[in-house]
Amino acid sequence: MTARRAESIHLRSRPARPGRSGLILSLTPERAGWEYVGFTVRTIATGGTWTGAMRDRELCVVLLSGQCRAHWSAHGGAEGHALLGPRAGVFDAYPHALYLPRRSRVTLTADAVTQVALCSAPSGRDLEPRVVRPEDCGYEIRGGGNATRQIIDILPPAFPADRLMICEVLTPAGNWSSYPPHKHDRDRPPVEADLEEIYYFRFRHAHGYGFHRVYSADGRRDRTMTVTDGDLVIVREGYHPFVTAYGHDAYYLNVLAGTRRSMAASDDPRYAAFRQAWPAPDPRVPLVRRPATEPQRH
């Protein structure tokens, strides 16, 4: 991977116009100063459409809320269509998603006011489009005590994408997440992969907030950001734990990409032992249930 600036970037969403189409947030690789991940959040008004064409990038559409119909064409002339949704919101139901390889074109038509996250990365492979239904997504309870959180895998490392890996994380009020603090900024297989990552935050209440810390192993950089509903933090390097305030359930969408399809990470050695002796999980999780499945404990 190319050299990257070490500082993090913290972006805030634009105010949404009720019931109207519009761009809420946009991060290009050029703006981030890195190589792979692009990320956009967009609202589509009822009856409205959005069309995107991918040349040398793969795309995953993650439905955040609403319902839309997707029609796409891929390399070789193959076409498809699917209904994404309904999903009242990220705290109400599991996600619907659509993966599209490079050289695809897609049109989304909203049946209701719809908000989507558009996640992309460069790709050199002609893969197959795939619809990801809620029942296709992973279901994991991770951690214990007040470091318990719920993981919903959308594009895990085993998914047949080129670079993109995506998951949702739900953290009960007052709990820690991405804990013990971990990093993935060095290519040291199999213990660590060099990955770019974004955290897109939502809170159950509009006035919710939390704290996201990003710090380097050598202590030269250490920044703690107050994150609110709709904020985006990009992580280029360093450890990056998160905690949500008392009374405020938190959600974040993780989008990662690098030179390997691996989420291998290294814990801060000062706190790594916590992973080996978690207390019982917080009984508030899962915050969102996936029907007919049982969580795994890690």
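Figured I'd write up the structure that's included with this text. Note that the structure is predicted; figures quoted are calculated from it, not measured. (Residues numbered from 1 in each chain as written. Predicted model: local features only at pLDDT ≥ 70, side-chain atom pairs only at ≥ 80, totals over all residues. Heavy atoms only, no water.)

We now examine the overall build of the protein chain. Helix and strand counts for the protein chain stand at one helix and 23 strands. Relative to the globule expectation of 19 Å for 298 residues, the C-alpha radius of gyration of the protein chain, 18 Å, shows essentially globular dimensions. Each principal axis of the C-alpha distribution contributes one length, and for the protein chain these read about 55 × 40 × 35 Å. Pairs at least 24 apart in sequence give 76% of the contacts found in the protein chain among residues at least 6 apart. Here the protein chain displays about 12800 Å² of accessible surface, and carbon together with sulfur accounts for 50% of that area. Considering the protein chain, the positive charge centre built from 39 side chains and the negative charge centre built from 32 side chains are found 3 Å apart. (Helix = DSSP H or I, 4+ residues; strand = E, 2+ residues; numbered from the N terminus. Rg over C-alpha atoms; globule rule 2.2 N^0.38 Å. Contact = heavy atoms within 4.5 Å. Areas by Shrake-Rupley, 256 points an atom, 1.4 Å probe, with all protein chains shown as cover. Lys, Arg positive; Asp, Glu negative; His and termini not counted. Charge placed at Lys NZ, Arg CZ, Asp CG, Glu CD.)

We now examine the packing of aromatic side chains. Tallied over the entire structure, the rule returns 14 aromatic pairs. A ring pair is formed by Tyr179 and Tyr271, whose centres lie 6.4 Å apart and whose planes are at 45 degrees; its orientation type is tilted. With Tyr179 in the loop between β14 (176–177) and β15 (182–183) and Tyr271 in the loop between β22 (266–267) and β23 (296–297), the pair connects residues that are 92 residues apart, well separated along the chain. The exposure class of Tyr179 is buried, given its relative accessible area of 16%. According to the relative accessible area criterion, Tyr271 is partly exposed, its value standing at 26%. Of note, Arg213 hangs over the ring of Tyr215, and the distance from its end group to the ring centre comes to 3.9 Å. (Phe/Tyr/Trp six-rings, centres within 6.5 Å; stacked < 30°, edge-to-face > 60°. Buried < 20%, exposed > 50% of the residue type's maximum accessible area, 1.4 Å probe, protein only. Lys NZ or Arg CZ within 6 Å of the ring centre and 35° of its normal.)

Let us now look at unusual backbone geometry. For the bond running from Tyr179 to Pro180, omega is 0 degrees, close enough to zero to count as cis. Topologically, Pro180 is positioned in the loop between β14 and β15. Omega for the bond connecting Val285 with Pro286 falls within 30 degrees of zero, at 5 degrees, which places this linkage in the cis form. Mapped onto the elements of the fold, Pro286 is located in the loop between β22 and β23. If you check the backbone angles, Arg103 has positive phi at about 60 degrees while not being a glycine. When you line up the elements, Arg103 lands in the loop between β7 (97–100) and β8 (105–110).

The subject of this paragraph is the environment of Thr148. Note on placement: Thr148 falls in the loop between β11 (140–142) and β12 (149–155). We classify Thr148 as buried; its relative accessible area is 0%. When the C-alpha atoms of Thr148 and Trp278 are compared, they prove to be 9.1 Å apart, with 130 residues separating the residues in sequence. Setting aside chain neighbours within four positions, we find Thr148 in contact with Ile141, Arg142, Gly143, Thr171, Pro172, Asn175, Trp176, Pro281, Asp282 and Val285. A polar contact of 3.5 Å, which involves the side chain of Thr148, links it to the backbone oxygen of Gly144. (Polar contact = N/O pair within 3.5 Å; in protein donor to acceptor, adjacent residues only side chain to side chain.)

Here we come to the pattern of salt bridges. This model, assessed by the stated rule, comprises 19 salt bridges. A salt bridge links Arg142 to Glu140; its shortest N-O distance comes to 2.9 Å. The class for Arg142 is partly exposed, based on a relative accessible area of 28%. A relative accessible area of 10% places Glu140 in the buried class. (Salt bridge = Lys/Arg side-chain N within 4 Å of Asp/Glu carboxyl O.)

Each strand in a sheet pairs with its neighbour through backbone hydrogen bonds, running either in the same direction (parallel) or in the opposite one (antiparallel). Taken together, four strands build an open sheet; the order of strands is β14-β20-β17-β18 and the sheet is antiparallel. Two strands in the sheet have a free side with no partner beyond their single neighbour: β14 and β18 (222–228). Across two bridges, the pairing between β14 and strand β20 (residues 242–244) is antiparallel. Residue pairing for β20: Trp176 is matched across the bridge by Val243. (Pairing = 2+ DSSP bridges.)

Moving on, we come to the pairing of strand β3 (residues 38–44). Of all seven residues making up β3, six are buried, and the element is well covered by its neighbours. Note: strand β2 (residues 22–27) against β3, five bridges, orientation antiparallel. The partner of Leu25 across the bridge, within β3, is Val41. As paired strands, β3 and strand β9 (residues 114–122) are joined by seven bridges and run antiparallel to one another. Within β9, the position partnered with Phe39 by the bridge is Cys119.

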